[in-house]
Amino acid sequence: MYALLIIDVQNDFCPGGKLAVPDGDDVIAPINKLSPFFENVIQTQDWHPNNHTSFASNHKNKNPYDTIDLDYGKQVLWPNHCVQESRGAEFHPDLETIHTNIIIRKGFRPEVDSYSAFFENDKATSTGLKGYLDSLNISTVFICGLATDFCVKWTALDSIKSGYNTYLICDAVKGIDIDNSVQIAMKEMYDAGVEFILSDYLIPLLDN
Ligand SMILES: [Zn+2]
């Protein structure tokens, strides 16, 4: 069994949003084409309280994209984004969500950020996704969404570590790209064993 995992296609990560990924909304058309072919569709939603530790505004003398050291390692500081109940936290209105079975919210604990759909950034606190996938006998995960170099990458690496065959749908992801971070992320995923595929090649394989 296989599943489609749609990472953080929210207004704040799309053009005009608070933490816009360049051309982030380009992922929507291929995702909308893909999702009807999947029986299991999972979406993640970044969902922060205002006092979240990943917001630069909550740290003295810090700017967005500075880094700080937290108990669990380095944390990039971001502009305030995906604040609970804000319009920015909503899924992009063009994203077709009718095929989605479950929405995993992440980043709601003020003291820890959560890039991966599987674990929070402390790499210990589970989101419950693995239990969900295992209970449905899912062995292969196809990943798309935003952003390639952060939440998508961390999800893909955790998916491999959790034992799933893991595919990145390369035309259905976009990155923020700080200091070449997209290229570095692609290499990290490749080295970990993530397979790369394009949606136009994937659809005929699913359509039977
Ligand atoms: Zn966030």
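Everything quoted here is computed from the prediction, not taken from an experiment.

What to know about the overall build of the protein
Point 1. When its secondary structure is counted, the protein shows 5 helices and 8 strands.
Point 2. The order of helices and strands in the protein, counted from the N terminus, is β-α-β-β-β-β-α-β-α-β-α-β-α.
Point 3. Taking 17 Å as the expected radius of gyration for a compact globule of 208 residues, we find that the protein reaches 16 Å, a close match to that expectation.
Point 4. C-alpha atoms of the protein, sized along the principal axes, occupy 55 × 30 × 30 Å.
Point 5. Within the protein, residue pairs in contact and separated by at least 24 positions form 74% of the contacts whose partners lie at least 6 positions apart.
Point 6. Accessible surface for the protein amounts to roughly 9600 Å². Of this, 49% is attributable to carbon and sulfur atoms.
Point 7. Computing the positive centroid from 15 side-chain charges and the negative centroid from 29, the protein places the two 6 Å apart.

Points about the sheet that holds strand 8 (residues 195–197)
Point 1. On the basis of which strands lie adjacent, the open sheet formed by 6 strands has the order 5-2-1-6-7-8 and parallel pairing. Of all strands in the sheet, those with a lone pairing partner are strand 5 (102–106) and strand 8, marking the two edges. Each neighbouring strand pair of the sheet contributes to a mean axis angle of 25 degrees, computed without reference to strand direction.
Point 2. Across 3 bridges, strand 1 (residues 2–7) lies against strand 2 (residues 41–46) in parallel orientation. Paired with L4 across the bridge in strand 2 is V41.
Point 3. Those strands touched by helix 3 (residues 148–161) are strand 1, strand 5, strand 6 (140–146) and strand 7 (165–174), and its axis lies near 170 degrees from that of strand 6.
Point 4. In the packing of helix 5 (residues 199–206) onto the sheet, contacts are made with strand 1, strand 6, strand 7 and strand 8, and the angle to strand 8 comes to roughly 95 degrees.

Describing the packing of aromatic side chains
Point 1. Taken as a whole, this structure holds 11 aromatic pairs when the rule is applied.
Point 2. Aromatic side chains W78 and F150 sit 4.9 Å apart centroid to centroid with 90 degrees between the ring planes, which places their arrangement in the edge-to-face category. You can see W78 sitting in the loop between strand 4 (73–76) and strand 5 and its partner F150 sitting in helix 3, a full 72 residues away along the chain.
Point 3. Classification of F150 by relative accessible area gives buried; the value is 12%.
Point 4. Here F118 and Y164 contribute two aromatic rings whose centre-to-centre distance is 5.9 Å and whose plane-to-plane angle is 25 degrees, an arrangement assigned as stacked. You can see F118 sitting in the loop between strand 5 and helix 2 (129–135) and its partner Y164 sitting in the loop between helix 3 and strand 7, a full 46 residues away along the chain.
Point 5. Owing to a relative accessible area of 5%, Y164 belongs among the buried residues under this scheme.

Quick word on the coordination of the zinc ion
Point 1. For the zinc ion, the full set of protein donor atoms is D46 (OD), H48 (NE2) and H81 (NE2), and the range of their distances to it is 2.0 to 2.1 Å.
Point 2. Read from N- to C-terminus, the donor residues coordinating the zinc ion fall into the pattern D-x1-H-x32-H. Of this pair, D46 sits in strand 2 while H81 sits in the loop between strand 4 and strand 5, placing them 35 residues apart in sequence. Like H81, D46 is buried.

Conventions and cut-offs
Residues numbered from 1 in each chain as written. Predicted model: local features only at pLDDT ≥ 70, side-chain atom pairs only at ≥ 80, totals over all residues. Heavy atoms only, no water. Helix = DSSP H or I, 4+ residues; strand = E, 2+ residues; numbered from the N terminus. Rg over C-alpha atoms; globule rule 2.2 N^0.38 Å. Contact = heavy atoms within 4.5 Å. Areas by Shrake-Rupley, 256 points an atom, 1.4 Å probe, with all protein chains shown as cover. Lys, Arg positive; Asp, Glu negative; His and termini not counted. Charge placed at Lys NZ, Arg CZ, Asp CG, Glu CD. Pairing = 2+ DSSP bridges. Axes fitted to C-alpha atoms, helices over the stretch in contact; angles between N-to-C directions. Phe/Tyr/Trp six-rings, centres within 6.5 Å; stacked < 30°, edge-to-face > 60°. Buried < 20%, exposed > 50% of the residue type's maximum accessible area, 1.4 Å probe, protein only. Donors = N, O, S within 2.8 Å, 3.2 Å for Na, K, Ca; no water.

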